[in-house]
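Per-entry structural report
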Amino acid sequence: MTTDRSVAAASLRGGLLAAIFLMATSAIGPGFITQTATFTARMGSAFAFAILASILIDFVVQLNIWRITALTGKRASETANAAIPGAGYLLTALVVIGGLAFNVGNIAGGGLGLNAMLGLDPKIGGAITAVLAIAIFLSRQAGLLLDRAIIGLGIVMILLVLFVAVQSNPPVGEALRQTIWPDTIDFATITTIVGGTVGGYITYSGAHRLLDKGLTGPHNLTAVTRAALTGIAVTGVMRFVLFLAILGVVASGVTLDLSSQAANPAAQAFQAAAGDWGMRVFGVVLWAAALTSVIGAAYTSVSFLDVVGVRSDAARSKATVGFIAFSLAVYLALGTAPAAILVFVGGFNGLILPIGLTIFTYIGYARSDLMGGHRYNRVLLALGAIVCALTWYMGARSVTTIFAFLGV
C-alpha cells in the first residue's frame, strides 16, 4: 500500500512538473525574448509596466483555464463545444491558426539562436530546429523525451539569463519605479507581450498536459492550483530578469538594431553584456526556448484537433509532424525578418486570447454541470471577467499597430 501511494505521489509530481515547465518554457519562448529586447530598446524602463501587466493577466488566465479544465476533465475544444455548440470548432480554428503563427515564429527563433551560437544562416538553423522537434515526436519514447527536454532546457534558460542579468548591471531602482508608475503606457506593447506569454495555444498548454497525465477532478484541484501558481511565478521572475538584463545594456548607451533583415536585438544585448561569449550564451538560450516552444506549440495545437476526429496516438503524431513541417515551409517562404515575425505573432495571439477566455468565463459562471456540479470560485471568476474585458479593450485599441509589426 505504501509503495502504491509513493508511486502515485511520484506520478503526480512528475505530471505537475511536466505541465509547469511546458507552460513556462512556452511562455518564455523566442517570441517573448525578442519582444522584450525590441520593446526595451524602444521604451526603456517604462516597459517594466507591460511586464507587470502580463504577469497579473497571466495569473488570472492560467488559474481559471487550468482549474476549469481539471474540473471538466476534457480538452478546451470539447468543453467549449459542450458549453456553446460550435464554440469548440471556433476555438480550435483560432488556436491552430495562432499556433501556426507562433510556430513560424518559434522556428525563426531557432534560426536566430543557432545563428548567434554557431553563425549558421537563420534559414538553415530554423530547418535544423524543426527537424529535431519532429525527431523527438517520432521517437518511441516521445512523451518521456518531451518532459525531459522541456525540463532540462528550461533549467538551462533560467541559469544563463540570470548570469547575463547580473553582468549587465541594470538600473533596478528606476525599473521598479516604472513598474508601478510608468512614463508611458502602450496598449499594443502590452497586448503583444501578453499574447507572447499567455495568448493562443500557451493558454492551454499546461492544462492539456495535465489531462494527458490524468490529473483531473476536484480531488486534484489543490495540486493543479499550486502547479499553476508555481509555473506563473517562475515565468514572471524570468520575464523580469530577462528585461533587466537587456535594460542594463540599453541604459549603458548601446543602440540595438531593430530594422534590418538580419536584426537580432536580443543577441546584440547579450553580446554587449558579456562579449562574444555572451552572444554564444544567448544563442543557447534562444535556441533552447525555440525548440521547447516548437514542441509546445505543435503539441497543444494538435491536442485541439480531437473535435475533428484526430484522436489516436498515430493520428496525432502524423498531425504534429505535418504541423511542424508546414510551419517550417511557411517560415522558409517568408521574406519578413525573423525578429519582426516574432514580435507580430505575440500581438496576433494577444488578439485571440479574449475569445477563449470569454468562453471559459461563461462556463465558470453558468455551466457547473460541465464541472461535475462544482460551484466555481467566484473571486477567480470576477477577476477573469475583468481581465476578459481588459483584453478585449486592449485588442481593439492595438489591432492596427500589431499588424504593422510585420513591416518592421
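Residues numbered from 1 in each chain as written. Predicted model: local features only at pLDDT ≥ 70, side-chain atom pairs only at ≥ 80, totals over all residues. Heavy atoms only, no water.

Along the backbone of the chain there are 15 helices and zero strands. Looking at the chain alone, contacts between residues at least 24 apart form 86% of all its contacts between residues at least 6 apart. As displayed, the chain offers around 15,000 Å² of accessible surface, 67% of which is attributable to carbon and sulfur atoms. (Helix = DSSP H or I, 4+ residues; strand = E, 2+ residues; numbered from the N terminus. Contact = heavy atoms within 4.5 Å. Areas by Shrake-Rupley, 256 points an atom, 1.4 Å probe, with all protein chains shown as cover.)

This part is about the pattern of salt bridges. When their charged atoms lie close together, side chains carrying opposite charge are able to pair. A full pass over the atoms with the stated rule returns four salt bridges. The salt bridge involving Arg177 is made with Asp183; its shortest N-O contact spans 3.4 Å. What makes Asp183 exposed here is its relative accessible area of 57%. As a salt-bridge pair, Asp369 and Arg367 come within 2.8 Å of each other at their nearest N and O atoms. What makes Asp369 partly exposed here is its relative accessible area of 47%. Overall, Arg367 belongs to the buried group, its relative accessible area being 18%. Here the residues in one salt-bridge network are Glu174, Arg177 and Asp183, joined through shared partners. (Salt bridge = Lys/Arg side-chain N within 4 Å of Asp/Glu carboxyl O. Buried < 20%, exposed > 50% of the residue type's maximum accessible area, 1.4 Å probe, protein only.)

On the surface, Ile155, Leu159 and Leu162 cluster together into a nonpolar patch covering about 270 Å² of accessible area. As for its placement among the helices and strands, Ile155 is situated in helix H7 (residues 142–168). (Patch = residues over 30% accessible without salt bridge, like charges linked within 9 Å, V, L, I, M, F, W, Y side chains within 5 Å.)

It is worth spelling out the packing of helix H9 (residues 187–198) against helix H14 (residues 338–366) at this point. With their axes 6 Å apart at the nearest point, H9 and H14 run at an angle of 85° to one another. Between H9 and H14, the angle falls in the class roughly perpendicular. The residues of H14 that touch H9, namely those facing Thr191, Thr192, Val194, Gly195, Gly196 and Val198, are Val343, Gly346, Gly347, Asn349, Gly350, Leu351 and Leu353. (Axes fitted to C-alpha atoms, helices over the stretch in contact; angles between N-to-C directions. Parallel < 35°, antiparallel > 145°, perpendicular 65-115°, else oblique.)

Turning our attention to the packing of aromatic side chains. Tallied over the entire structure, the rule returns seven aromatic pairs. For the pair Phe187 and Tyr393, a centre-to-centre distance of 5.4 Å together with 90° between the ring planes defines the contact as edge-to-face. With Phe187 in helix H9 and Tyr393 in helix H15 (residues 378–404), the pair connects residues that are 206 residues apart, well separated along the chain. Ring geometry for Tyr204 versus Phe360: centroids 6.0 Å apart, planes at 45°, classification tilted. With a gap of 156 residues between them, Tyr204 in helix H10 (residues 202–212) and Phe360 in helix H14 connect regions that are remote in the sequence. In this structure an aromatic cluster arises from ring pairing among Phe39, Phe47, Phe240 and Phe243. The lysine or arginine in question, Lys123, covers the ring of Tyr331, its NZ or CZ lying 4.5 Å from the ring centre. (Phe/Tyr/Trp six-rings, centres within 6.5 Å; stacked < 30°, edge-to-face > 60°. Lys NZ or Arg CZ within 6 Å of the ring centre and 35° of its normal.)

Once that is clear, we can look at the confidence of the model for the chain. Mean pLDDT over the chain works out to 81, with 86% of the residues at or above the 70 mark. At the level of individual helices and strands, the chain shows its lowest average pLDDT in helix H1 (residues 2–27), which scores 59, and its highest in helix H4 (residues 76–83), which scores 91. (pLDDT = per-residue confidence, 0-100.)

This paragraph deals with helix H6 (residues 122–138). Compared with an ideal rise of 1.5 Å per residue, which puts 17 residues at 24 Å, H6 spans 24 Å between its outermost C-alpha atoms and is within 8% of the ideal. The distance from a side-chain oxygen at the start of H6 to the backbone nitrogen of Lys123 is 2.8 Å, and the residue carrying that oxygen is Asp121. (Expected span 1.5 Å × (residues − 1). Polar contact = N/O pair within 3.5 Å; in protein donor to acceptor, adjacent residues only side chain to side chain.)

Attention shifts here to the side chain of Thr361. Looking at the secondary structure, you find Thr361 in helix H14. Given the relative accessible area of 11%, Thr361 is considered buried. A polar contact is formed between the side chain of Thr361 and the backbone oxygen of Leu357, at a distance of 2.7 Å. Setting aside residues no more than four positions away along its own chain, Thr361 makes contact with Leu381, Gly384 and Ala385.

Backbone geometry places Asn169, a non-glycine residue, at a positive phi of 50°. Position of Asn169 relative to the elements: it lies in the loop between H7 and helix H8 (172–180).

This brings us to the side chain of His208. Locating His208 in the fold gives a position in helix H10. A polar contact is formed between the side chain of His208 and the backbone nitrogen of Ala76, at a distance of 3.0 Å. Among the polar contacts listed, one links the side chain of His208 to the side chain of Ser303, at a separation of 2.6 Å. Not counting residues up to four positions away in its chain, the partners in contact with His208 are Arg75, Ala76, Tyr299, Thr300, Ser303 and Phe304.

Its location among the elements puts Phe348 in helix H14. Measuring from C-alpha to C-alpha, the distance between Phe348 and Phe403 comes to 7.7 Å, with 55 residues separating the pair along the chain. Excluding residues that lie within four positions of it along the chain, Phe348 makes contacts with Ile97, Gly98, Ala101, Ile402 and Phe403.

Our next topic: helix H12 (residues 265–303). Working note: α-helix, 3.6 residues per turn, so residues spaced by three or four point in the same direction. Taking 1.5 Å as the rise per residue, H12 with 39 residues should run 57 Å; its terminal C-alpha atoms sit only 33 Å apart, a clear shortfall. A bend of about 140° at Ala274 is the largest found in H12. Here H12 lies mainly inside the structure; 30 of its 39 residues are buried. (Bend = angle between axes of the 7 residues up to and from the residue.)

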